[in-house]
Amino acid sequence: MKSVSLGVMAGMLLFCSVPAFAQTHPASAPSAATAPVISSDGKLYADFGGHDGLVALMDDFMVILLADPRTKDFFVAVDQTRVKVELVSQFCQILGGGCTYTGKDMKTVHAKLGVHQADFLALVEDLQIAMDRKHIPFRAQNQLLAALAPQHRDVVTEP
Amino acid sequence: MKTVFSRMAIATSFVCATLVYAGRAQAEDFFTYASGKLLLTGGVSQVEGAAGGGLTPWAVIGSYGSRDQTGANAYYTTIGTQDYKITSYGALIGIHDRVELSYARQDFDTQQVGAALGLGAGYTISQDTIGVKVKLTGDAVLEQDSWLPQIALGAQFKSNKNGNLVKALGARDDQSTDYYISATKLLLAQGVLVNGTLRATKANQFGILGYGGQDNTYHLQAEGSVAYLVNRHLAVGAEFRTKPDNLGVAKEGAAVDIFAAYALNKHLSLTLAYADLGNIVTRRQSGLYVSLQGGF
Ligand code: HEM
């Protein structure tokens, strides 16, 4: 019995060390252009304080990203103003604010940045901190994050 | 005795080091976390040491280590019921958000029941569990546009330290392995986490009363959890876990609980629950469940 257990354990370890199995390859990778519009009545957009609210949120968000050693290096040297403007237009579109995202598609933008999953989660965490500081309701935060989360497929390029 | 002591010492120093570290790290507002996963998304430590709810393993890999990190945590849990005091403590490591290895010790203090059974007051039955869990597919947190849950396969190698007693009570063995498959999904927009687990087990009362009884075959048992995220730090929910009823001497029923898990930061969390463990030998056992977890 003991050897059976050990065998199973070894088998499981072997199983999970096969890297090909570890990856999930969804057939369709969404891009920002196809980022879902998740609200149509304007309420969610209002929870974020509309256009002005999003601009203020992105200002805070960028400050936090630049202060966080986990994300700082990605953002110090880029055109932060443009990134903030594009984030506002993208979030506005998702939140049903009636905008159309004007930036480049997510895959192209992030292709050469070398983003790991941990970097992605760090950025999400910093966004949560920024949203908390703006007193955006937790439920509204999570609706936005649920729409953003699948973009990890385009943004995270490292194993 | 010596091994128990050294085990305690290891667990204690582990927790102490974590507490000191957590204290220094202060609030999670800034970069106090070396580890990637979002708060509470690694679950807490279930009673046999796997990451999950309090009673049931989840498909998530424990610790805050993300795909390119390794993390670890340790926990200490007590449950006080009408007749018994159960303590459970242990530790796990989560490797690359793919494999989880855990160790847990459960001490089941029979208090006055021990005296009534002629074992002596405070007679304690112990069980060691070594756990391994492997994530097969999915990502409970990130795949928000898909219904596919995160799925993991696990095994818990259990060893009861009071073999003579549990065999006298009708158990067939003092060692056995549970196998389970868990599916976990976070519905982020709704703030709800759901988990379902199927377990093949011979264990009586989690293994505290040994393995096998009237029959010596595996029993398929269902377990489930739901949790609602109140905010980033707090989740409340409920769980159930069915158990075999295979020991002739006493009836065994399902366990349920309602819980609140609070994560101060990624280093420290506290879970409080009201657990009803079903009938254990004497009568239905319920009481307060308190669990502290520290990690990095
Ligand atoms: C869901 C998550 C993310 C979203 C929605 C997002 C969105 C965007 C948008 C809209 C832009 C501007 C595109 C343009 O200029 O046309 C951008 C640029 C950028 N993003 Fe992301 N991003 C995400 C995750 C990340 C992560 C995890 C990192 C790194 C930690 C990152 C680093 C960058 C950098 C460095 C730029 C500027 C690139 C350049 O100007 O060359 N992003 N992102």
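You'll find the structure just up there.
A brief report on the enclosed structure follows. (Residues numbered from 1 in each chain as written. Chains lettered and ligands numbered in written order. Predicted model: local features only at pLDDT ≥ 70, side-chain atom pairs only at ≥ 80, totals over all residues. Heavy atoms only, no water.)

Further remarks concern the packing of aromatic side chains. Residue and element names in this part refer to chain B. Tallied over the entire structure, the rule returns three aromatic pairs over all chains. With a centroid separation of 6.2 Å and an interplanar angle of 10°, the aromatic rings of Tyr-76 and Tyr-89 are classed as stacked. Of this pair, Tyr-76 sits in strand S3 (residues 70-80) while Tyr-89 is found in strand S4 (residues 85-95), placing the two residues 13 residues apart along the sequence. Here Tyr-89 falls in the buried class, since its relative accessible area comes to 4%. Look at Tyr-84 and Phe-108: their rings are 4.6 Å apart centre to centre, the planes differ by 35°, and that puts the pair in the tilted class. Taken together, the residues span a long stretch of sequence, with Tyr-84 in the loop between S3 and S4 and Phe-108 in strand S5 (residues 99-109) at a distance of 24 residues. (Phe/Tyr/Trp six-rings, centres within 6.5 Å; stacked < 30°, edge-to-face > 60°. Helix = DSSP H or I, 4+ residues; strand = E, 2+ residues; numbered from the N terminus. Buried < 20%, exposed > 50% of the residue type's maximum accessible area, 1.4 Å probe, protein only.)

All right, on to the side chain of Ser-269 of chain B then. All names here are of chain B. Locating Ser-269 in the fold gives a position in strand S13 (residues 268-280). On the basis of relative accessibility, which here comes to 8%, the residue Ser-269 falls in the buried class. Residues within four places of Ser-269 in sequence aside, it is in contact with Val-44, Tyr-262, Ala-263, Leu-264, Ser-291, Leu-292 and Gln-293. (Contact = heavy atoms within 4.5 Å.)

Okay, a nonpolar patch on the surface next. Nonpolar side chains collect at one region of the surface, where Leu-153, Ile-181, Leu-198 and Leu-220 of chain B lie side by side and expose about 340 Å² of accessible area between them. For Leu-153 of chain B, the location among the structural elements is in strand S7 (residues 150-160). (Patch = residues over 30% accessible without salt bridge, like charges linked within 9 Å, V, L, I, M, F, W, Y side chains within 5 Å. Areas by Shrake-Rupley, 256 points an atom, 1.4 Å probe, with all protein chains shown as cover. Salt bridge = Lys/Arg side-chain N within 4 Å of Asp/Glu carboxyl O.)

What follows is about helix H6 (residues 80-94) of chain A. For an α-helix the count is 3.6 residues per turn, leaving residues at separations of three or four pointing the same way. Residues and elements named next belong to chain A. Helix length check: H6, at 15 residues, gives a terminal C-alpha distance of 21 Å against a target of 21 Å (1.5 Å per residue), a fit within 8%. Of all the residues in H6, the buried ones are Val-83, Glu-86, Leu-87, Val-88, Ser-89, Gln-90, Phe-91, Cys-92, Gln-93 and Ile-94. Phi for Gly-96, located one or two positions after H6, is positive at around 80°. (Expected span 1.5 Å × (residues − 1).)

Among protein atoms, the single one acting as a donor to the iron atom of the ligand is His-110 of chain A (NE2), 2.1 Å away. Looking at the element boundaries, His-110 of chain A is found in helix H7 (residues 106-110). (Donors = N, O, S within 2.8 Å, 3.2 Å for Na, K, Ca; no water.)

Interpretation in functional terms is not warranted from these geometric data alone.
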